[in-house]
Structures are given as C-alpha cells and as structure tokens.
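What follows is each chain in one-letter form.
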Amino acid sequence: MKTVVAAAVRNFVVALCFIALAVPVHAAVPCEEMFKNKRAAKAFAKLSDANMKKVEDLRRRSALGQVP
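For clarity, every value in this text was computed on a predicted model and none was experimentally measured.

Some words on the overall build of the chain
Reasoning step 1: Along its length, the chain carries two helices and zero strands.
Reasoning step 2: Within the chain, the fraction of its 68 residues that count as buried is 0%.
Reasoning step 3: If you sum the accessible surface of the chain, you get close to 6200 Å²; carbon and sulfur atoms cover 71% of it.

A few points about the pattern of salt bridges
Reasoning step 1: What the rule picks out here adds up to two salt bridges.
Reasoning step 2: The salt bridge partner of Arg 60 is Asp 57, with a shortest N-O separation of 2.6 Å. Of this pair, Arg 60 and Asp 57 both sit in helix H2 (residues 49-64), three residues apart, which is roughly one turn of that helix.
Reasoning step 3: Residue Arg 61 is joined to Asp 57 by a salt bridge in which the shortest nitrogen-to-oxygen separation is 3.6 Å. You can see Arg 61 and its partner Asp 57 sitting in helix H2, four residues apart, about one turn around the helix.
Reasoning step 4: Residues joined by salt bridges that share partners form a network here, namely Asp 57, Arg 60 and Arg 61.

About the cut-offs
All residue numbers refer to position in the chain's written sequence, counted from 1. Thresholds applied to this predicted model are a pLDDT of at least 70 for local features of residues and 80 or more for the giving and counting of side-chain atom pairs; totals over whole chains, interfaces and linings are not thresholded and use all residues. Only hydrogens and water are set aside when side-chain values are computed; all heavy atoms of the structure are taken into account. The way it works is that DSSP assigns letters per residue, a run of H or I at least four long becomes a helix, a run of E at least two long becomes a strand, and they are numbered from the N terminus. Remark: exposure states derive from per-residue accessible area (1.4 Å probe, protein chains only) relative to the maximum for the residue type, with buried under 20%, exposed over 50%, and partly exposed in between. Reported accessibility uses the Shrake-Rupley method at a 1.4 Å probe radius. Residues are deemed covered only where the shown protein chains occlude them. Salt-bridge detection follows one rule: a side-chain nitrogen of Lys or Arg within 4 Å of a carboxyl oxygen of Asp or Glu.

Here it is, written out as structure tokens:
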C-alpha cells in the first residue's frame, strides 16, 4: 500500500513539473503578437526625425534592459 501511495505522489509531482514547464511556452505567444503589432504601428506612424530617434533609443535601451 505504501508503494502505491508513493508512486501516486511521484506521478503527481512529475505531472506538475511537466505542466509548469509547458506554461511559459504558451505565455510567449501574446508577447510575440504584441511586438508584431508594435512594429506594424511604427511602420505606419508619421514621426519627425527627432521623435524617431527617441523611439529607437527607447527601443534599444529596453532591449538592453536599461529602462526601469
């Protein structure tokens, strides 16, 4: 009886680990969609050269993790 309970607990923990590993994969899709939409909006935006430089600087700093 103890081995059956131990096997059930082990299977539950393994299943939980697989679920925990699968969740971040599904969470990445909306982020990719957001970046795709952002790039599309930027392509249609009418910005001056000075403002475009600010946008590019902000994008560069965010990619490097320097934006708080």
